[in-house]
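Architecture and fold: a report
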Amino acid sequence: MKKLLAFTDLHIRASNIIGLNPVNRFKEGLDHALKYHSDAEGIVLMGDLTHSGSASEYEILKTVLAGVKLPITFLMGNHDRREAFLSVFPDIILDEAGYVQTIQDIDAWKVISLDTLDGPPYPDRHHSGRLCTDRLTWLANALDQSLDKPVVIFLHHPLGDVGFPGMDDIKLSNSENILELAKSHPMPVHVIAGHVHRTISGMWSGVPYTIFKSPCHQQPLDFDVANSSLAVDEPGAYGLLLFDRENLIVHSEDFAIAKHDVSPDPDVDG
C-alpha cells in the first residue's frame, strides 16, 4: 500500500485561538505523522494554512516545514491569500491560470488538488468557496486525462451540506459544477475536504466524500446554531490515505490521544 498524509485548517498565526496554540498543535501532529508514516508519498496541506493570510504567518509555516523531507502539496482555503502565500513560497507549481492546483499519480489513482479560494478580490467576511471558469476548465481537462483511473479530489470547501447551518452557508458556492464532472467520470471519484473542523463522511449526490478535522480547534456537534465560528478544544487530527491498487482506505488519526506502543491482549478480540 502507498500512503498519503493530509492536514487541513492549520490556521497558523502567532497568537492563540480559543486558548490553543495553532503552531504547536500543527507541530505536534506533523511530528506524529512523520514518526509513524515517514514512508508516505507526500503530505497534502488542504487550505486555511494561516488564519489571516498574511506573509508573516506564511513565514511561520515555512519555518515549521523547513525540515520536512516529504513532498508537500498546498491548497488554498478561505483564510488564505494567494498573493501573500506565493510571496513566501515562490517555487510552488501553479496551473496555467496561476491557481494553486496540481495533479499527481499515486498507485493506480489520479490525485487532483483544487484551489477553491474565491478571489481576488476578497470580499470582507466572505468565506464561501468558488471555482471560476478557468479552474472548472482545468478540472474538466484533468478528469479527461484520467479516464482510465479512479480519482481522489482534494479541495478545501465541502461540496454539500453537512448539517451545521453556519458551515453550510459557506460551502463551495458552485458545487453542482464539480459534482456533475465527478458523476460523469467513468471511474470512481472520492472527494476529500476540510473547512468544517470535524471528521465526517458520506455521499453528496452519489459522490462519496471524507472531511478531515483540524490539528487545532474543532466544530462542536451543534445542528442548531447558525454560526460558522463555533469552536471547541477537542483532540486534533490528520488524515491518512492508503492506496492499494483500485482500493482506497481513509483513516483519521487523533494524534494527541493516539496510542501506538501497545501489546496485544489475549482477552481482547476485535
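Scroll up for the structure.
Remember, predicted model here, so these are calculated numbers, not experimental data. (Residues numbered from 1 in each chain as written. Predicted model: local features only at pLDDT ≥ 70, side-chain atom pairs only at ≥ 80, totals over all residues. Heavy atoms only, no water.)

Turning next to the environment of Pro-186. Residue placement: Pro-186 occurs in the loop between α6 (175–184) and β7 (189–193). Given the relative accessible area of 56%, Pro-186 is considered exposed. (Helix = DSSP H or I, 4+ residues; strand = E, 2+ residues; numbered from the N terminus. Buried < 20%, exposed > 50% of the residue type's maximum accessible area, 1.4 Å probe, protein only.)

This part is about the packing of aromatic side chains. Per the stated rule, a full pass over the model turns up 10 aromatic pairs. A ring pair is formed by Phe-7 and Phe-26, whose centres lie 5.3 Å apart and whose planes are at 85°; its orientation type is edge-to-face. Taken as a pair, Phe-7 in strand β1 (residues 2–7) and Phe-26 in helix α1 (residues 22–36) lie far apart in primary sequence, 19 residues in all. No difference in accessibility class separates Phe-7 from Phe-26, as the two residues are buried. Judged by centre distance (5.1 Å) and plane angle (25°), the rings of Phe-85 and Phe-89 are stacked. Both residues of the pair, Phe-85 and Phe-89, count as buried. Taken together, the ring pairs connect Phe-7, Phe-26, Tyr-238 and Phe-255 into an aromatic cluster. One Lys or Arg, Arg-81, reaches over the ring of Tyr-122 and ends 4.2 Å from the middle of that ring. Above the ring of Tyr-99, the side-chain terminus of Arg-135 is found at 4.2 Å from the ring centroid. (Phe/Tyr/Trp six-rings, centres within 6.5 Å; stacked < 30°, edge-to-face > 60°. Lys NZ or Arg CZ within 6 Å of the ring centre and 35° of its normal.)

Along the chain, Lys-3 falls in strand β1. Looking at Lys-3, its side chain comes within polar contact range of the side chain of His-37, at 3.0 Å. Setting aside anything within four residues of it in sequence, one finds Lys-3 in contact with Tyr-36, His-37, Asp-39, Ala-40, Glu-41, Gly-42, Leu-240, Leu-241 and Leu-242. (Polar contact = N/O pair within 3.5 Å; in protein donor to acceptor, adjacent residues only side chain to side chain. Contact = heavy atoms within 4.5 Å.)

Across the interface, α1 lies against helix α2 (residues 55–65) with an axial gap of 11 Å and an inter-helix angle of 25°. Here α1 lies roughly parallel to α2, going by the angle between them. Where α1 crosses over α2, the two elements pack in a sense that is right-handed. For the pair α1 and α2, contact is made by Val-23, Phe-26, Lys-27 and Leu-30 and by Ile-60, Leu-61, Val-64 and Leu-65, respectively. Considered class by class, the residues forming the contact of α1 with α2 number seven nonpolar, no polar and one charged. (Axes fitted to C-alpha atoms, helices over the stretch in contact; angles between N-to-C directions. Parallel < 35°, antiparallel > 145°, perpendicular 65-115°, else oblique. Left-handed = near helix turned anticlockwise from the far one by under 90°. Nonpolar A, V, L, I, M, F, W, Y, C, P; charged D, E, K, R; others polar.)

Turning next to the packing of helix α4 (residues 133–144) against α6. α6 packs onto α4 with a crossing angle of 10° between their chain directions and a minimal axis gap of 10 Å. Between α4 and α6, the angle falls in the class roughly parallel. Here Leu-136, Leu-139, Ala-140 and Leu-143 of α4 come into contact with α6, specifically with Asn-177, Ile-178 and Leu-181. Along the lines of polarity and charge, the residues of the contact of α4 with α6 split into six nonpolar, one polar and no charged.

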